[in-house]
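Chains, contacts and geometry: an overview
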Amino acid sequence: MTKLNSKIPHGPVSQKWANYKAHQNLVNPSNKRRLDVIVVGTGLAGASAAASLGEMGFNVKNFCIQDSPRRAHSIAAQGGINAAKNYPNDGDSVYRLFYDTIKGGDYRAREANVHRLAEVSNSIIDQCVAQGVPFAREYGGYLDNRSFGGAQVSRTFYAKGQTGQQLLLGAYSALMRQVNIGTVKLYTRTEMVDVVIIDGKARGIITRDLVTGKLERHFGHAVVIATGGYGNTFFLSTNAMGSNGSAAIQCYKKGAMFANPCYAQIHPTCIPVHGEFQSKLTLMSESLRNDGRIWVPKKKEDAEAIRAGKLKPTQISEDNRDYYLERRYPAFGNLVPRDVASRAAKERCDAGYGVGATGLAVYLDFKSAIERLGQKTIEARYGNLFQMYNKIVDDNPYETPMMIYPAIHYTMGGIWVDYECMTTIEGLYAIGEANFSDHGANRLGASALMQGLADGYFVLPYTIQNYLANDIRTPRMSTDLPEFEAAEKAVKERFAKLLAIKGKRSTDSLHKEFGLVMWDFVGMGRNKAGLEKALSRIVEIRKEFWSNLLIPGEQNEMNPELEKANRLADFIEIGELMARDALHREESCGGHFREEYQTEDGEALRQDDKFMYVGCWEYQGEGVEPKLNKEPLNYEETEVKQRNYK
């Protein structure tokens, strides 16, 4: 059994990071040149980590599944990035950002990690401004801020509705500078398909060239996983089609524990599903909730008339509109955390007040904001988002309220890591959304970009030295070693097994069926019977997958269908872990809502005496139930209480 050691430094939470840095081991500049680090992923976490490690003098190999790091899914983030600069002078501080994040995560995150995140947040903004990221500015010249859910202060820095794109271009420019210098070697259109363990330590990876199909071996003194989350387990999500959990699952099968897999975030402002043949969903930024007001008709007959096409939302008078978030949560209104807003929308739709053709939608209305601020101001703040909505829905949101509905977005669970971002395998690190560490059971809006850049620019470059300082005498290892040979052989056998099935069903048809099971039973609302049903259906779908899948083409060529099939096999493993984790956690917290555990007014009801821990799943072998390990969560600086946004 693997023993969990979170390596949290001693001392008050506000001093832990400073104490850690003061006493860590370092690698001197001449020794850094002798060490190789593999970074898998080129999103915000991966690109910033590779650029930082390269600048420090390490030899870095950086692997990109897309044709360019500029196409990483981080580019899709819209609304902003949090930091505790307190430019609006409205009472923000490092402690308040720390507290809001702990509370927003429903007291299921590690205090030390969250406080470190809040501490380094301000440095991220300075770094990005120095790179030329065009953050919005207010009249006096300061960087502008806007509000996001789960906070009563304005701490979100933004670049119109394109913040992820601008931040990624900053990280990309830093990365490509290192590529040009020669400290980073970039491999595009390359996917990690296995991790290589030698004497209990991560020493390399096996990759597949997505253009030629060729398998390659790469050595590294340490391996960093920065491959994002596993939201596409559900088939329909806001993630890019290429986003997947395969790297995480390969690490899990080699001994890295998977933590809190059931913690998946439902984002409340997504364009609703509009057809059976849809392959992904489109997000409308949470920033829209700054000025947009969410409502449904007060009368069921009005909702029914709208669904039947007999009534338009603009014909519903103010008196007959239910601004249900403002009604239920007067202190936070439309800016409650994502999990709260999502469940509230589901409750209204389930009760028969939903709009749109399916009845699974609510309105996000800018009428009041346009009357108050003028259309030009709204265009300046959200113009590209309104344009995107108009192109997809063919409706003008300046004149007609947007329709939105919750959808799978981000995953708070991931590979378990300690305070140093190291997994339970020595030398194997996980950063950004690929790890579990900073968000608890629900991520506050605008914190994903913050964590990715914090880990890549300001956390991993320190902590990885603590490990590599003991490796400076370890010579570069040959990729002809038996461990590399065995890993490559296992990958070839897996691909051959997939190609040999020769069934009748496409990967997409199976993934769609599997995703529907996940959404119905492991989605926004979960219960014991539904989760047990999901586990039995997953067994059936896995059997169908391995007996009736059809993959055209060959292994040693460009073969997108083989890529998708390999990832779906891993999604099925993740889905089973999610359902198993959700079944064992008999409480509601954040994005994990067990219907048996809720307050009288429908809020999440935690069971702190039983479940105040990180659920860490340990692989036991093919077809064997994984082992649950527990990392207790101890709160020294935070008063743990029932969340209240009213």
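The coordinates are above.
So, how was this worked out
- Residues numbered from 1 in each chain as written.
- Predicted model: local features only at pLDDT ≥ 70, side-chain atom pairs only at ≥ 80, totals over all residues.
- Heavy atoms only, no water.
- Helix = DSSP H or I, 4+ residues; strand = E, 2+ residues; numbered from the N terminus.
- Buried < 20%, exposed > 50% of the residue type's maximum accessible area, 1.4 Å probe, protein only.
- Contact = heavy atoms within 4.5 Å.
- Areas by Shrake-Rupley, 256 points an atom, 1.4 Å probe, with all protein chains shown as cover.
- Lys, Arg positive; Asp, Glu negative; His and termini not counted.
- Charge placed at Lys NZ, Arg CZ, Asp CG, Glu CD.
- Pairing = 2+ DSSP bridges.
- Axes fitted to C-alpha atoms, helices over the stretch in contact; angles between N-to-C directions.
- Phe/Tyr/Trp six-rings, centres within 6.5 Å; stacked < 30°, edge-to-face > 60°.
- Lys NZ or Arg CZ within 6 Å of the ring centre and 35° of its normal.
- Salt bridge = Lys/Arg side-chain N within 4 Å of Asp/Glu carboxyl O.
- Polar contact = N/O pair within 3.5 Å; in protein donor to acceptor, adjacent residues only side chain to side chain.
- Core = buried A, V, L, I, M, F, W, Y, C linked by side-chain atoms within 4.5 Å.
- Expected span 1.5 Å × (residues − 1).
- Bend = angle between axes of the 7 residues up to and from the residue.
- Arc of directions from axis to C-beta.
- Parallel < 35°, antiparallel > 145°, perpendicular 65-115°, else oblique.
- Left-handed = near helix turned anticlockwise from the far one by under 90°.
- Nonpolar A, V, L, I, M, F, W, Y, C, P; charged D, E, K, R; others polar.

**Some details on the overall build of the chain**
The helix and strand tally for the chain stands at 18 helices and 19 strands. Counting every position in the chain, which comprises 646 residues, the buried fraction comes to 60%. In the chain, 75% of the contacts between residues at least 6 apart in sequence involve partners at least 24 apart. With an accessible surface of roughly 24,500 Å², the chain has 48% of that area assigned to carbon and sulfur atoms. Both charge centroids of the chain, one from 80 positive and one from 78 negative side chains, sit 2 Å from each other.

**Some points on the sheet that holds strand 16 (residues 414-415)**
The strand order 16-10-18-19 describes an open sheet built from four strands, whose pairing is antiparallel. Each of the sheet's edge strands pairs with one partner strand only, and the pair in question is strand 16 and strand 19 (627-632). Here strand 18 (residues 613-618) runs beside strand 19; their pairing, made up of six bridges, is antiparallel. Among the inter-strand pairings, Glu618 is bridged to a residue of strand 19, identified as Lys627. Across the sheet, helix 17 (residues 560-584) touches strand 10 (258-259), strand 18 and strand 19, and the angle it forms with strand 18 is around 140°.

**Considerations on the packing of aromatic side chains**
Counted according to the given criterion, the structure contains 24 aromatic pairs. Aromatic side chains Tyr107 and Tyr635 sit 6.3 Å apart centroid to centroid with 80° between the ring planes, which places their arrangement in the edge-to-face category. Residue Tyr107 is found in the loop between helix 4 (94-104) and helix 5 (111-131), and its partner Tyr635 is found in the segment after strand 19; the two are separated by 528 residues along the sequence. Each member of the pair, Tyr107 together with Tyr635, is buried. Between Phe545 and Trp546, the aromatic rings sit 5.1 Å apart at their centres with planes inclined by 85°, giving edge-to-face as the arrangement. By the ring-pair criterion, three or more aromatic residues cluster together here, those being Trp17, Tyr20, Tyr419 and Tyr462. Directly above the ring of Tyr410 sits Arg443, whose terminal nitrogen or CZ lies 4.1 Å from the centroid.

**Concerning the side chain of Arg594**
Within the element layout of this structure, Arg594 appears in the loop between helix 17 and helix 18 (608-611). According to the relative accessible area criterion, Arg594 is buried, its value standing at 1%. Here Arg594 is in contact with Arg526, Asn527, Lys528, Leu531, Ala582, Leu583, Arg585, Glu586, Glu587 and Ser588, once residues within four sequence places are set aside.

**Focus on the pattern of salt bridges**
Under the defined criterion, the tally for this structure stands at 52 salt bridges. For Asp480, the salt bridge is made with Arg217, and the minimal N-O distance between the two is 3.9 Å. Here Asp480 is found in the loop between helix 13 (448-468) and helix 14 (482-499), whereas its partner Arg217 is found in strand 8 (residues 215-219), with 263 residues between them in sequence. Members of the salt-bridge network, linked through shared partners, are Asp106, Arg108, Asp339, Arg343, Arg585, Glu587, Arg606, Asp608 and Arg643.

**Some details on the sheet that holds strand 17 (residues 428-430)**
The sheet built from five strands is open, its strands ordered 5-2-1-9-17 with parallel pairing. The sheet is open, and its two borders are formed by strand 5 (184-187) and strand 17, each paired with just one other strand. Geometrically, the sheet is characterised by an average inter-axis angle of 20° between neighbouring strands, direction not taken into account. Where strand 2 (residues 59-63) meets strand 5, four bridges bridge the pair, whose relative direction is parallel.

**Comments concerning the side chain of Asp455**
Structurally, Asp455 can be placed in helix 13. Buried charge Asp455 goes without a salt bridge, the closest partner of opposite sign being Arg116 at 5.3 Å. There is a polar contact of 2.9 Å between the side chain of Asp455 and the backbone nitrogen of Gly432. Asp455 has contacts with Cys421, Ile431, Gly432, Asn435, Leu460 and Pro461, leaving out every residue within four places of it along the chain.

**Quick word on the nonpolar core**
Ranked by size, the top nonpolar core spans 174 residues in total, and within it Ile81 and Ile225 carry the most contacts. Contact partners of Ile225, with chain neighbours within four places excluded, come to Val40, Met192, Ala247, Cys251, Ile415, Leu428, Tyr429, Ala430, Ile431 and Ala434. In terms of nonpolar packing, the next biggest core, distinct from the first, is built from seven residues, Trp295, Tyr323, Val355 and Ala361 among them.

**Some words on helix 12 (residues 375-393)**
With 19 residues, helix 12 extends just 20 Å between its outermost C-alpha atoms, more than 12% less than the 27 Å of an ideal straight helix rising 1.5 Å per residue. Bending of helix 12 peaks at approximately 85° at the position of Tyr382. The set of residues buried in helix 12 consists of Ile378, Tyr382, Gly383, Asn384, Leu385, Phe386 and Tyr389. Here the buried face of helix 12 lies against helix 11 (367-373) and strand 15 (402-411). Directly beyond the C-terminal end of helix 12, a positive phi value near 60° is found at Asp394.

**Quick notes on helix 15 (residues 507-522)**
Under the 1.5 Å per step criterion, the end-to-end length of helix 15 is 21 Å for 16 residues, consistent within 8% with the ideal 22 Å. When we look at burial in helix 15, the residues that qualify are Thr507, Leu510, His511, Phe514, Gly515, Val517, Met518 and Val522. The buried residues of helix 15 occupy an angular sector of 160° when projected down its axis, which confines them to one face.

**Some words on the packing of helix 15 against helix 17**
Their axes nearest at 10 Å, the elements helix 15 and helix 17 cross at an angle of 20°. Taken as axis vectors, helix 15 and helix 17 run roughly parallel relative to one another. The handedness of the crossing between helix 15 and helix 17 is left-handed. Counting all contacts with helix 15, which are made through Thr507, Asp508, Leu510, His511, Phe514, Met518 and Val522, the residues of helix 17 involved are Glu561, Lys564, Ala565, Leu568, Phe571, Ile572, Gly575, Met578 and Ala579. Taken together, the residues that form the contact of helix 15 with helix 17 break down as 10 nonpolar, three polar and three charged.

**Topic: the packing of helix 8 (residues 300-307) against helix 10 (residues 338-353)**
Relative orientation of the contacting elements helix 8 and helix 10 amounts to 90°, with a least axis distance of 10 Å. Taken as axis vectors, helix 8 and helix 10 run roughly perpendicular relative to one another. Contact with helix 8, carried on its side by Lys300, Ala303 and Arg307, involves Ala351, Gly352 and Tyr353 of helix 10 and no other residues of that element. Tallied by class, residues from the contact of helix 8 with helix 10 come to three nonpolar, one polar and two charged.

It is worth stressing that arrangement in space is one thing and function is another; only the former is reported here.
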